[in-house]
Each structure stands twice: as C-alpha cells, then as structure tokens.
Amino acid sequence: MSEQREYMARLREENNLFAVNNGRKKRACAKTYGCQQNENDTERVCGMLEECGFDFTDDEADADLVVYNTCAVRENAEQKVFGRLGILKHMKEARPDMTIALCGCMVQQEHIAERIKKTYSHVDLIFGTNALYKMPKLLYEATHKKGMTIDIEKSDGVIAEDIPTKRESKNQAWVSVMYGCNNFCTYCIVPYVRGRERSRLPEDILREVKSLAADGCTEISLLGQNVNSYGKDLKNGIDFADLLRMVNEVDGVRRVRFMTSHPKDLSDRLIDAIRDCSKVCPQLHLPFQAGSNEVLKRMNRGYTKEQYLEKIRRVKEKVPNIFLSSDVIVGFPTETKEQFEETLDVLRKVEFDRIFSFIYSKREGTPAAKLDFVLSEEEIHENFSRLLEVQNEISKRKNDAYVGRVEEVLVEGESAKDSDVLAGRCPGSQIVNFKGGRELIGKYVNVKITEAMTWSLNGILVD
Ligand code: SAH
Ligand code: SF4
Ligand code: F3S
C-alpha cells in the first residue's frame, strides 16, 4: 500500500491543479453490479479515489471518471455492463477526456478481458479482483498513456490491509473476513474470479470493527463466500465461531450479522455462538441450491438433502426465533421434473422466511457448462414460477405471525425518495416500513407491526 499511497498523492496533485483551472474538482461515478463483497470493494475503490482528490456523482453524464465494479455470477449481470458500455461510448465521443474503468469479477475472466480489448476500445482501464488495491497506480498509468491498461493477473494470495474506505452508510458496515472460495460448486464462477480462500487476521478484523464502532457504526455484517471456512488457512486455532464471539465483545456494536454459510461445514460451535452472543442477530443465510441428492452431487455441494434438513433442525432447536433464508437454483442442466419436486419439498419442510431464487446460467469454464439439459427453457420457467408461488405463500404466512408484535428496528432510510415512510430492519432482518421523520435514520426504534406483506412488514412507531 505504501507504493499506492505515492500514486494517490501524485493523482491528488494533478487533480488539485485541475480544480484550480476548472473551478471544480474532478468527479467520479462508481457503480456496483455484484454482491455485498463487491459493494465492499467499491467502498474501497471510492476510498482510494477520495484520497486521489475526487468528488463523487451518481450520474455518468457528470463524471470525469466512471468505474463499474462488475459481477460474473450470471449472464444477465454481464449483459447489463455490456449494455452500459454501449451508452458510455456515446458519452465519450462527446467528452473524449472522460476515463472509463472496469473492475471486479467479470473482467477477471480472460475471455471477457479479450472481448473488451477487441470491441470496447473506449475503455481505458481494466483491473480484476486481485488488483483492486493497485488501483491508484493503474489509474495513474491509464491516464498517462495511450491505449488500454489491463491487470487481471491471477491471485497472488495477497490481502492488502489499510485500504482507505468510503462507506455507503454511517450506521451499518460490511467487513470482509475472508476472500475467495475453495468449494468449486460445478455451476459457479466465483472460485475462478476470486481465487483461493484466504482469511484476514482476527486482530486486523477487530481493529476495523473497533474503529467503525468508534465512528458511531452499530451494525456490522461480516462477509465471506463461505465464512464457515474462516481461519482454516491461519493455523492459529481460531474459527468463525471464535471470531463471532470476539466481535460480539466490541463496545458500541449492537448488531452483528454474517454471510454466507455453507451447509457442509455449518458446525454446532457456530450455532452455539449465534445462540450465546447477544449481539449476533437471530439470522442464518444457508443456501441449499437444490433438493435432489442426485443434483446436489452433480453440483459438488458436499451434502445431501437429509443432512441439510438435519442441520436446519438443529439450528431451529437451539435458536427457535431464527430468521432463515436460502439461495436456490432452478434448472441445473441435468435436473428433471421429479428432482425439482425435491426442491419444493425442502421449501415446505424448512419454511424459510425468504429465499433468493435464480434460473441456472451457464458460465464458461465451469464443469456444469458441459452438461446437457433435460428440461426445456419453458419447463424451467414453469418450475421457477411454481417455486415462487410456494415460497410466497410461506413468506406471507411467516410474516403474518409478526402482526401485533413490537420489534426493535434499526432505521436504514426512507422507503422511497422524499417519502415520509421510513424503512428499517428487525433483528432477524425482516424489512419494516413505518411513518417517521428523517432524524430517525440510524437510530433504533420500536415499531408495532400492523400488517404483513409477502416481502415486508408495515407498522407504527411506538415509544
Ligand atoms: N458463496 C455463496 C454465494 C455465491 S453466489 C454460497 O455459496 O452460498 C450467490 C448465489 O448465486 C449462489 O448461492 C447461487 O444460488 C447463485 N449462483 C451461483 N452461480 C450460479 C449460476 N451459474 N447460475 C445461477 N445461479 C448461480
Ligand atoms: Fe460458488 Fe459454491 Fe463457492 Fe458459493 S461455495 S461461491 S456457490 S463455488
Ligand atoms: Fe460477488 Fe458476483 Fe463476484 S456474486 S463474488 S460479484 S461474481
């Protein structure tokens, strides 16, 4: 990072000069197309850009620098970025001084980087997930030479600490505890674009959490592709359950959340930590992906339907009020109609509060990309609709049970721009909408739940 700090200083000097000559600072527009990890990375990109002397804007049309932090997990995430690049091409024709940068998971793939090099020559800079911390140096290069600057080197296992971070929210923060994934589920691109699992040292994580708490942040969400593997590479005997207990002790923190857990190594130690730690929210996101054992095997998930249901049983037994959510993939290539019924069976047996469902998307370079489909596209869409139907009924029923209760809600913001309705979350993470003034944002309030919808609750503020 010391080399990067030099480049940040150089860019800051240049940008100061720009500000003197133009009566305004240069403006950067940074957008995220991926998951929470990517959001957290964008906060780092913005932190570094702030050090480089940039102001920020949400509108590309006002920006001197556009940075898209991209995702590769499904094809539509990539299509969106290609669509935006088309629009940026026209903007750049009118304003050739504009700088365009792409980073993140999608561009970490060689075939994508090649495609951009060939057909999107208006892009100035491409850097992958491994090069994130090198952004200042790369941006300096990109703005001082002709042609495209590219750094998509494979993981060198480095964890850069102390990257400046510009957080979206003052009250809630994401804290990455580990990077990468070793699981190689056969449908998934993440292990290829994020490299192998590597854990941050507990002392570095705690330092970050304490400094957030000192700045008034009360809700911490610990992030990793598979937090249950946390610490395996550190050899200091500390696992994720230990880490949760340590974060639970930090003064000023009121709520701790975490994601994602992998079912194959969800331990009793972790369930006990959720139960014992007063600040750890009663919430678990435990993706099961599919209900059929045959499909789970082909996905290389490492557990059976029965083992999954047994883990859920233990979780419910120890933390009875737990908010459960999951990810589900519909239409994995070899999945048959009968096998899909097993997925519905898991939904009915577990009764998740919420699920995130996805239609399988073929990812180049993954083992599943070579498999043949059993069902037609139409049949897969039919299954997807059925899945939503089954889950919506369950989510609504589970929400109905909240009507009449008083819940502690952390107010996150206005539920829509300039409305007098606020939105916040219960400890379990249900979304609650209620009338109130903006001064309540960031505060904990009590809300009496008056009405249940499928994806949220409505309520009124009580003393
Ligand atoms: N590490 C996390 C999440 C990774 S990506 C985990 O394993 O739970 C988030 C979700 O995207 C996955 O859980 C999966 O449901 C979905 N997903 C990943 N690859 C996909 C693909 N090729 N097509 C459709 N959905 C996919
Ligand atoms: Fe992808 Fe599986 Fe790793 Fe999750 S655990 S990121 S689904 S390979
Ligand atoms: Fe996240 Fe998408 Fe990368 S889900 S890890 S941004 S591929």
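Predicted model only: the values in this text are computed from it and were never measured.

**Student:** How should I be thinking about the side chain of Lys 305 in this particular structure?
**Tutor:** Here Lys 305 is to be found in helix 11 (residues 305–318). Engagement of the side chain of Lys 305 in a polar contact is seen with the side chain of Asp 345, the distance being 2.6 Å. Apart from the residues within four sequence positions on either side, Lys 305 is in contact with Gly 291, Asn 293, Leu 296, Glu 342, Asp 345 and Val 346.

**Student:** Sorry, what's going on with the packing of helix 11 against helix 12 (residues 337–350) here?
**Tutor:** Any two packed helices are characterised by the angle at which their axes cross and by the distance between the axes. At a minimum axis distance of 11 Å, the contact between helix 11 and helix 12 shows a crossing angle of 10°. What the angle tells us is that helix 11 and helix 12 run roughly parallel. Every pair of crossing elements has a handedness; the one defined by helix 11 and helix 12 is right-handed. Mapping the contact onto sequence places Lys 305, Tyr 308, Leu 309, Ile 312 and Lys 316 in helix 11 and Glu 342, Asp 345, Val 346, Lys 349 and Val 350 in helix 12. Its residues assigned to classes, the contact of helix 11 with helix 12 shows five nonpolar, no polar and five charged.

**Student:** Explain unusual backbone geometry here, please?
**Tutor:** Excluding glycine, most residues fall at negative phi; most peptide bonds, likewise, are trans. Note that the residue after Met 259, namely Thr 260, is joined by a cis bond; omega there is 5°. Mapping Thr 260 onto the fold places it in the loop between strand 11 (255–259) and helix 9 (268–276). One non-glycine residue, Lys 235, lies in the positive phi region at around 60°. Mapping Lys 235 onto the fold places it in the loop between strand 10 (219–223) and helix 8 (240–248). Here the phi dihedral of Ser 429 falls at roughly 100°; this positive angle occurs in a residue that is not glycine. Within the secondary structure layout, Ser 429 lies in the loop between strand 16 (421–425) and strand 17 (431–435).

**Student:** Can you walk me through the pattern of salt bridges in this structure?
**Tutor:** Between side chains of opposite charge, a pair can form as their charged atoms come close. Summed over the entire model, instances satisfying the criterion amount to 45 salt bridges. Ionic pairing is found between Arg 24 and Asp 64, a salt bridge with its closest N-O pair at 2.9 Å. Linking Arg 24 in the loop between helix 1 (2–22) and strand 1 (27–32) with Asp 64 in the loop between strand 2 (55–56) and strand 3 (65–70), this pair joins segments that are 40 residues apart in sequence. The partner of Arg 255 in a salt bridge is Glu 219, and the shortest N-O contact between them spans 3.9 Å. Of this pair, Arg 255 sits in strand 11 while Glu 219 sits in strand 10, placing them 36 residues apart in sequence. Judged by its relative accessible area of 2%, Arg 255 falls in the buried class.

Calculation notes
- Here the residue numbering is sequential within each chain, running from 1 through the sequence in written order.
- The lettering of chains begins at A and the numbering of ligands begins at 1, in the order of writing.
- Where local features are concerned, this predicted model is filtered to residues with pLDDT of at least 70; where side-chain atom pairs are given and counted, the filter is 80 or more; whole-chain, interface and lining totals use all residues.
- The side-chain values count all of the structure's non-hydrogen atoms but skip hydrogen atoms and water molecules.
- Helix and strand definitions follow DSSP, with helices as H or I runs of at least four residues and strands as E runs of at least two, each counted in order from the N terminus.
- Under this definition, polar contacts are N or O atom pairs within 3.5 Å; protein pairs additionally need one hydrogen-donor-capable and one acceptor-capable atom, and for neighbouring residues in sequence, both atoms have to be side-chain atoms.
- By the convention used here, residues are in contact when the closest approach between their heavy atoms is within 4.5 Å.
- For every element, the axis is a line fit to its C-alpha atoms; helices are fit only across the contacting stretch, and the angle between N-to-C directions ranges from 0 to 180 degrees.
- Comment on the angle field: the value is read as roughly parallel under 35 degrees, roughly antiparallel over 145, roughly perpendicular from 65 to 115, and oblique elsewhere.
- Take the far helix as the reference: if the near one is turned anticlockwise from it by less than a right angle, the crossing is left-handed, and if turned clockwise, right-handed.
- In this classification, the charged set is Asp, Glu, Lys and Arg, the nonpolar set is Ala, Val, Leu, Ile, Met, Phe, Trp, Tyr, Cys and Pro, and all remaining amino acids, among them Gly, are polar.
- Salt bridges are defined as contacts in which a side-chain nitrogen from Lys or Arg sits within 4 Å of a carboxyl oxygen from Asp or Glu.
- A 1.4 Å probe rolled over the protein chains alone gives each residue an accessible area, and that area as a share of the maximum for its type sets the label: buried under 20%, exposed over 50%, partly exposed in between.

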